[in-house]
Amino acid sequence: MHLKKINTGKWTWYIADENYLSLATDDIQSLIDDRTVYKRGSRTLVFRKDDVFFKYDDIVYHNWFRKLRYSLSCRAKKEYFSAQLVQKSGFKAYHPIGFACFGSSCIFVSREVKNCETLTDFCLRAPGNEFFRIWGAYLGKLLDGRLYFPDFHTGNIMYSEEDQDFVHIDLYGVKPVWFLSSAMKFRMVSNHIARVIEILSLEQIFTVLQSAGFVKEHGEYLDFLKKFSKSNTAGREKIRQYIAAE
C-alpha cells in the first residue's frame, strides 16, 4: 500500500490509509486523552483515539552514531513493515495505518484490534482444555514458519474467543529467516510461556507445547523445563517441585 508523506513542520508523517490523513499533526498532545492511555513509560506512551492506536516512542541516544542511524530508519517505520510482513506470511496482525518521525522520536499508528484480549488476560479466565489444543496448533504453525519473533510473549498476542483466532501486536524486530533453528524456537517458546507459567498448570502448558509439536512426550517436556528454568526466574520453584514429583 502506498504511503503518503505529509510534513507538518517538526514531524513527518507517512500514512497509507487516506481515511486517516487528518491524523497528521505537530500537536501530539491533541491526540492524547488520558482516559485512553494503555501504557505510560519513561519513554513510551501507548494510547487510543477513536478506533486508532498510537505508540509514541521518545528515545534518547547518548551515542551520536546510534542516534543518526535511528533517525535514518525509525523504530515506528520498522514496526509498520514488520506488521505487513506478518500479514503477508499468512498470520493476522494489527492493521498498520502509518508512522511519523521527528528526530529520534516516532509514532506508530494502527487500527484498534476489537473483540480480543491478550493471551495473558484470557489465561486468567481459566479456559477449558480445548483452548490449549487450539493455542498449541496455532503455535505449531508459527514454529513451522519462517518468521522470528523476538518479543513473543503472550501480552503481544490477542485472542478472540468468539472467532478462536489470534492477532499479533507489537511487532518491532520481527524478521524473515530461511528456517527457525532449534535455538530460535527455544527462545521464542521460552519467551512465550514466561508470562503464563505462574497462571497455568504445567500440564496445561504441556498440552500447548505438545499440540504445537514442540515436544513429543513428557520426558522431552521435562528436559525443556529444566533448560527453561536455568535462564528464566519465572516459575522456577514451581518447575522444581513439578520435576521432583515425577
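Heads up: the structure comes first, above all this text.
Residues numbered from 1 in each chain as written. Predicted model: local features only at pLDDT ≥ 70, side-chain atom pairs only at ≥ 80, totals over all residues. Heavy atoms only, no water.

Chemist: Looking at this model, I keep getting lost on the environment of tyrosine 38. Mind explaining?
Modeler: Among the structural elements, tyrosine 38 can be located in strand β3 (residues 37-40). Relative accessible area serves as the criterion here: at 49%, tyrosine 38 is assigned to the partly exposed category. Separated by 24 residues in the primary sequence, tyrosine 38 and tyrosine 14 place their C-alpha atoms 23 Å from one another. Excluding residues that lie within four positions of it along the chain, tyrosine 38 makes contacts with Val46, Phe47, Arg48 and Phe53. Looking at tyrosine 38, its side chain comes within polar contact range of the side chain of arginine 48, at 3.1 Å. (Helix = DSSP H or I, 4+ residues; strand = E, 2+ residues; numbered from the N terminus. Buried < 20%, exposed > 50% of the residue type's maximum accessible area, 1.4 Å probe, protein only. Contact = heavy atoms within 4.5 Å. Polar contact = N/O pair within 3.5 Å; in protein donor to acceptor, adjacent residues only side chain to side chain.)

Chemist: Sorry, what's going on with the packing of aromatic side chains here?
Modeler: Geometrically, a pair of aromatic rings is defined through the distance of the ring centres and the angle of the planes. Using the criterion set out here, one finds 23 aromatic pairs in the structure. Plain terms: the ring middles of tryptophan 11 and tyrosine 56 are 6.1 Å apart, the flat faces sit at 50° to each other, and that makes the pair tilted. Pair noted here: tryptophan 11 is in the loop between β1 (4-7) and β2 (12-15) and tyrosine 56 is in strand β5 (residues 52-58), with a separation of 45 residues, a long-range link. Looking at tryptophan 11, the relative accessible area reads 4%, which means it is buried. One aromatic cluster in this structure is built from Phe91, Phe122, Phe131, Phe132, Trp135, Tyr138, Tyr159 and Phe166. (Phe/Tyr/Trp six-rings, centres within 6.5 Å; stacked < 30°, edge-to-face > 60°.)

Chemist: Just checking my understanding: could you explain the pattern of salt bridges for this structure?
Modeler: Side-chain pairs of opposite charge can arise where the charged atoms are in close proximity. Considering all chains together, one arrives at nine salt bridges under this definition. Note that glutamate 117 and arginine 125 form a salt bridge whose closest N and O atoms lie 2.5 Å from each other. Exposure remark for glutamate 117: the relative accessible area of 22% places this residue in the partly exposed category. For arginine 125, a relative accessible area of 45% gives the class partly exposed. Close ionic contact of glutamate 237 with arginine 240 constitutes a salt bridge, the shortest N to O distance being 2.6 Å. Residue glutamate 237 and its partner arginine 240 are both found in helix α8 (residues 236-245); the two are separated by three residues, about one turn of the helix. (Salt bridge = Lys/Arg side-chain N within 4 Å of Asp/Glu carboxyl O.)

Chemist: Mind showing me how you'd approach the sheet that holds strand β11 (residues 165-168) here?
Modeler: Strands belonging to one sheet form pairs held by backbone hydrogen bonds; the direction of such a pair is parallel or antiparallel. Pairing is antiparallel across the open sheet formed by three strands, whose spatial order is β8-β10-β11. Of all strands in the sheet, those with a lone pairing partner are β8 (117-118) and β11, marking the two edges. Here β8 runs beside strand β10 (residues 157-160); their pairing, made up of two bridges, is antiparallel. Residue pairing in the sheet places threonine 118 in a bridge with methionine 158 of β10. Against the sheet, helix α4 (residues 129-143) touches β10 and β11, its axis set at about 45° to β11. (Pairing = 2+ DSSP bridges. Axes fitted to C-alpha atoms, helices over the stretch in contact; angles between N-to-C directions.)

Chemist: Would you mind going over the pairing of β5 with me for this structure?
Modeler: Along any regular strand, the residues point their side chains to alternate faces of the sheet. Summarising burial for β5: five of the seven residues are buried, a large majority. Pairing of strand β4 (residues 44-49) with β5, which is carried by six bridges, proceeds in the antiparallel orientation. Across the sheet, residue valine 46 finds its bridge partner in β5, namely lysine 55. Between β4 and the antiparallel strand that follows it, β5, lie two residues; aspartate 50 among them carries a positive phi value of about 55°. With seven bridges joining them, β5 and strand β7 (residues 105-111) adopt antiparallel strand pairing. The residue of β7 that forms the bridge with aspartate 58 is serine 105.

Chemist: What is the right way to read the sheet that holds β2 from this model?
Modeler: The seven strands are arranged β1-β2-β6-β7-β5-β4-β3 in an open sheet whose pairing can be described as antiparallel. A strand with exactly one partner marks an edge of an open sheet, and here the two such strands are β1 and β3. Strand-to-strand, the axes of this sheet are offset by a mean angle of 15°, without reference to chain direction. One ladder, built from six bridges, connects strand β6 (residues 96-102) with β7; its direction is antiparallel. In the strand pairing of β7, proline 96 is matched with serine 110.

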